Amino acid sequence: MPTVPLYQDTQQRVALRPEYSENFTTRADADAFGAGIGRGMQALGKGMGTAATNLNEAAALRLKKLDDETRAKEAMTEFSNWNRNALHGPGGFLSLTGKAAIEARPAFEKEAEKKHGEISKGLPPGARDIYQQASQETRRDTGGRVINHALDQQKTAVIDAFDGSIESHINDAVEDRLVPRKLEMRLGKVAETVDRAGALLNWDKETIERKKAEYQSDAFTRIVTRIAETDPIAAEKYMQDHSERILEKDKTALQERMKPAVLNAKATRNSVDIASNAPLPPDSPALLRPTTTVDYLRYTSGRHLALEALANFSKNATGKTVPTPWSVDIVKNVLGSPLTDGAQATSAKTFLNFGVATNSPRPGDIVVVSGESGSTEVGFFQGHDRKGNILMIAGRQDQPGQVSTKVKEAQKLLSFRSARNVDARRVELPNYNMPGITYLAQSLDAIGDAEERAATGKTIDTNYTTGQKNIDDKRDEIMQSGMTQISANNGFDPLKMSPEEQLIIGPLGVKLLQDHSETVQKNGQPRTASRRFYELQRQFANDPLEFAQSDLFNDRRNLSNEDWAIVTSWKELARTDPQKAREHGRILAITFKRLEDGRFVKAPAQMTEQDYKGVTDFQRELYGYVAELGAVNKDNISKNKDIKTFMDDLLRRMYLDNSRT
């Protein structure tokens, strides 16, 4: 190539003018005119073309590789999605258990291989190679998980098989519980099965022994549970007899589960035993003979309180103020008076077994309270003071033979006890006579376990209450039928009733029917005594549920047919629909309050017969409206606006009537 001269000391000097040379000529070759440069440029062009070709080929290769990678990733994504769903999706392999997983493994592996091949089939070679290499780890992981899951399920299947065998042997043991030889044979098979399972599953000796103890405990737990279905007490004894073969945790759980049933069974057994051995009162047919003797009242003070207690108690129990021998006996013991034979008075705690418990006591009912230093006191309920304390008539412990009114805090109450309606049949019950309630108290005290003693007392109470309710229901049915026939004036004669019916209603019931029959025949249908009707309205308004326990037949002579129907409907409503009875009673209570605010109801000493009549007429008319409305309205009728409007109208009318007079 031509060289351009440089003006440098290191290069050949260039003369400022041509040097003289003999060889100087004017001829020049092609190179002198740039031919070399052209050839160089030509060569450069060829090189550039080659380079361009090479660049295009490299780009094409890179594009192909990128395409292969993209398609391989898409294929991998498709396989991964399939694989994930096949393992974890609905019905996926890893969701299968037991035999199903074991049997499904070959099919899953074959399907996975097939799916892998289908996805790679449509790929170009480069993409297929990338996909094959990339999917290897996923396939290895999936294969390992499938194998491990199948092995786990195989192990579970083995355990299930052994458990099934053990379960069968335990069930046989439960069925053979009454035959000791067979029972032990079944339990031996359980132990043998555990040994085989331990050998196959590589359990250590400690695990095998623990399993045997658990299965044995399970067998005896089931046996105890089966026995408890029919005899909880026998089940408890069986558990105690085989205590060493039941694990503590199972024993504790079993005792807790069985406790209510065992306690109830013991209470039932005890109550039956106690009731069957209860003494009968002496000379029981004569117990209801009237007597006027009060020679037992040997008190130096408080004589009027003793008489009041006797009168209220006798009236509540028999409907009459004339005391009867059995009621005199009860009052003597409640008030602490010495018995005529010189024996000591009965313990106050004994009266927790008298009659029936009540939450709505009436004056004359028995009240038992806790005293000082854990002692118990008993007396006759007189009422409550303004602070809610209990007022009770009781004998004075510091001065035997004296009676006083005591004030007891409400929280000291142990029980209110009511005699209800006593007749010849009822007074023979152990909880209505002194020998009986003394025997009940002693029998209960003999039970060592406090919970069992309390449950037995409650069961006895419930049994006697139920028995008395049945007596009351049957008596009410017969008495009501007799009253209806007498009102129809069809010549009904109580003495012509069957002996069984006369026994059920007792001498007092027969006497009431006789008196009512004679009154109707002589004077016609009875007329309402407004004051007594007023008192009954008050009783229902104050406590409908207590009213349901009232013996109304003593009041038949004081009520007209219309008012008798009203009063008996209250009692029936309170017995059959307590909630509705409370609503009706609340309306009467609200009315009484409004009548008091309007001065239509005065202090008892200031109330005249006309005052009582005005109030009872008002309540009768209001209640008729309430009963009619309540028959079609199931809502809270005490808040019904129509009733309030009706009540307002009645009050306005009452004001107007009074202003005219």
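Residues numbered from 1 in each chain as written. Predicted model: local features only at pLDDT ≥ 70, side-chain atom pairs only at ≥ 80, totals over all residues. Heavy atoms only, no water.

> Can you help me understand unusual backbone geometry in this one?
Peptide bonds are trans in most cases, and residues, glycine excluded, mostly fall at negative phi. Look at Asn 202: it is not a glycine, yet its phi comes out positive at around 60 degrees. Residue position: Asn 202 is located in the loop between helix H4 (180-201) and helix H5 (205-228). (Helix = DSSP H or I, 4+ residues; strand = E, 2+ residues; numbered from the N terminus.)

> What exactly am I supposed to notice about the packing of aromatic side chains here?
Aromatic rings in a pair are described by how distant their centres are and how their planes are angled relative to each other. Per the counting criterion, the structure on display carries 16 aromatic pairs. For the pair Phe 547 and Trp 570, a centre-to-centre distance of 6.0 Å together with 70 degrees between the ring planes defines the contact as edge-to-face. Placement of Phe 547 in helix H14 (residues 544-547) and of Trp 570 in helix H15 (residues 561-576) is noted, with a sequence separation of 23 residues between them. In terms of burial, Phe 547 and Trp 570 fall into one category: buried. (Phe/Tyr/Trp six-rings, centres within 6.5 Å; stacked < 30°, edge-to-face > 60°. Buried < 20%, exposed > 50% of the residue type's maximum accessible area, 1.4 Å probe, protein only.)

> Help me out: how do you make sense of helix H6 (residues 232-241) in this one?
Working note: α-helix, 3.6 residues per turn, so residues spaced by three or four point in the same direction. Among all positions in H6, only Pro 232, Ala 235, Glu 236, Tyr 238 and Met 239 are buried. The buried residues of H6 occupy an angular sector of 160 degrees when projected down its axis, which confines them to one face. Lining the buried residues of H6 we find H4, H5 and helix H7 (248-276). (Arc of directions from axis to C-beta. Contact = heavy atoms within 4.5 Å.)

> How should I be thinking about the sheet that holds strand E5 (residues 403-408) in this particular structure?
Two pairing modes exist for strands in a sheet, parallel and antiparallel, and in both the strands are linked by backbone hydrogen bonds. Taken in spatial order, the 6 strands of this open sheet run E1-E6-E2-E3-E4-E5, and their pairing is antiparallel. Pairing within the sheet leaves two strands with one partner each, and these edge strands are strand E1 (356-357) and E5. Both strand E3 (residues 376-384) and strand E4 (residues 390-395) contribute to a ladder of 4 bridges, which runs antiparallel. Residue Phe 381 lies in a different strand from E4, and its bridge partner there is Met 392. Docked against the sheet, helix H9 (residues 325-334) engages strand E2 (366-370) and E3, running at close to 110 degrees with respect to E3. (Pairing = 2+ DSSP bridges. Axes fitted to C-alpha atoms, helices over the stretch in contact; angles between N-to-C directions.)

> What should I look at first to understand the side chain of Thr 221 in this one?
Among the secondary structure elements, Thr 221 is positioned in helix H5. Not counting chain neighbours up to four residues away, the residues in contact with Thr 221 comprise Ile 246, Asp 250, Leu 254 and Arg 257.

> Help me understand the pattern of salt bridges in this model?
Between side chains of opposite charge, a pair can form as their charged atoms come close. For the structure on display, the rule yields 37 salt bridges. We note a salt bridge from Lys 212 to Asp 195, for which the minimum N-O separation is 3.0 Å. Of this pair, Lys 212 sits in helix H5 while Asp 195 is found in helix H4, placing the two residues 17 residues apart along the sequence. The salt bridge involving Glu 214 is made with Arg 210; its shortest N-O contact spans 3.2 Å. (Salt bridge = Lys/Arg side-chain N within 4 Å of Asp/Glu carboxyl O.)

> Mind showing me how you'd approach the nonpolar core here?
Generally speaking, a soluble globular protein has its nonpolar side chains buried in company with each other. Counting 48 residues, the largest nonpolar core has Leu 513, Val 567, Trp 570, Leu 595, Phe 618 and Leu 622 as the members making the most contacts within it. Looking at this core, the elements that each hand over two or more residues are helix H11 (450-487), helix H12 (499-523), helix H13 (530-542), H15, helix H16 (578-597), helix H17 (609-632) and helix H18 (641-660). For this core, the element with the highest residue contribution is H17, accounting for 7 residues. Ignoring any residue separated from it by four or fewer positions in sequence, one finds Trp 570 in contact with Phe 533, Leu 536, Gln 537, Phe 540, Phe 547, Leu 588 and Tyr 623. Ranked by size, the runner-up nonpolar core spans 27 residues in total, among them Phe 313, Ala 348, Val 356 and Val 368. (Core = buried A, V, L, I, M, F, W, Y, C linked by side-chain atoms within 4.5 Å.)

> Looking at this structure, how should I read the confidence of the model for the protein?
Detailed reading of the predicted model is not advised wherever pLDDT is low. When the pLDDT values of the protein are averaged, the result is 81; 84% of them are 70 or greater. Counting contacts from residues 284-296, a segment whose pLDDT is below 50, to residues more than four positions away or on other chains yields 31 contacts. Between residues 338-345, whose pLDDT stays under 50, and residues either more than four places distant or in other chains, the model counts 11 contacts. (pLDDT = per-residue confidence, 0-100.)

> Looking at this structure, I do not really get the packing of H7 against H11. What am I missing?
A packed helix pair is summarised by two numbers, namely the angle formed by the two axes and the spacing between the axes. Between H7 and H11, the least distance of the axes is 8 Å, while the angle of their chain directions is 60 degrees. Considered as vectors, H7 and H11 are oriented oblique to each other. Crossing hand, H7 versus H11: right-handed. Where H7 approaches H11, its residues Lys 259, Leu 263, Lys 266, Ala 267, Thr 268, Arg 269, Asn 270, Ser 271, Ile 274 and Ala 275 are matched on the opposing element by Glu 451, Glu 452, Ala 455, Thr 456, Thr 459, Ile 460, Asn 463 and Tyr 464. Class assignment of the residues belonging to the contact of H7 with H11 gives a composition of 7 nonpolar, 6 polar and 5 charged. (Parallel < 35°, antiparallel > 145°, perpendicular 65-115°, else oblique. Left-handed = near helix turned anticlockwise from the far one by under 90°. Nonpolar A, V, L, I, M, F, W, Y, C, P; charged D, E, K, R; others polar.)

> Can you walk me through the packing of helix H3 (residues 125-175) against H4 in this structure?
Axis separation between H3 and H4 bottoms out at 8 Å; the angle between their running directions is 170 degrees. Considering the angle they form, H3 stands roughly antiparallel to H4. Packed against H3, whose contacting residues are Lys 155, Val 158, Ile 159, Phe 162, Ser 165, Ile 166, His 169, Ile 170, Asp 172 and Ala 173, the element H4 presents Leu 183, Arg 186, Leu 187, Lys 189, Val 190, Thr 193, Val 194, Arg 196, Ala 197, Leu 200 and Leu 201 at the interface.

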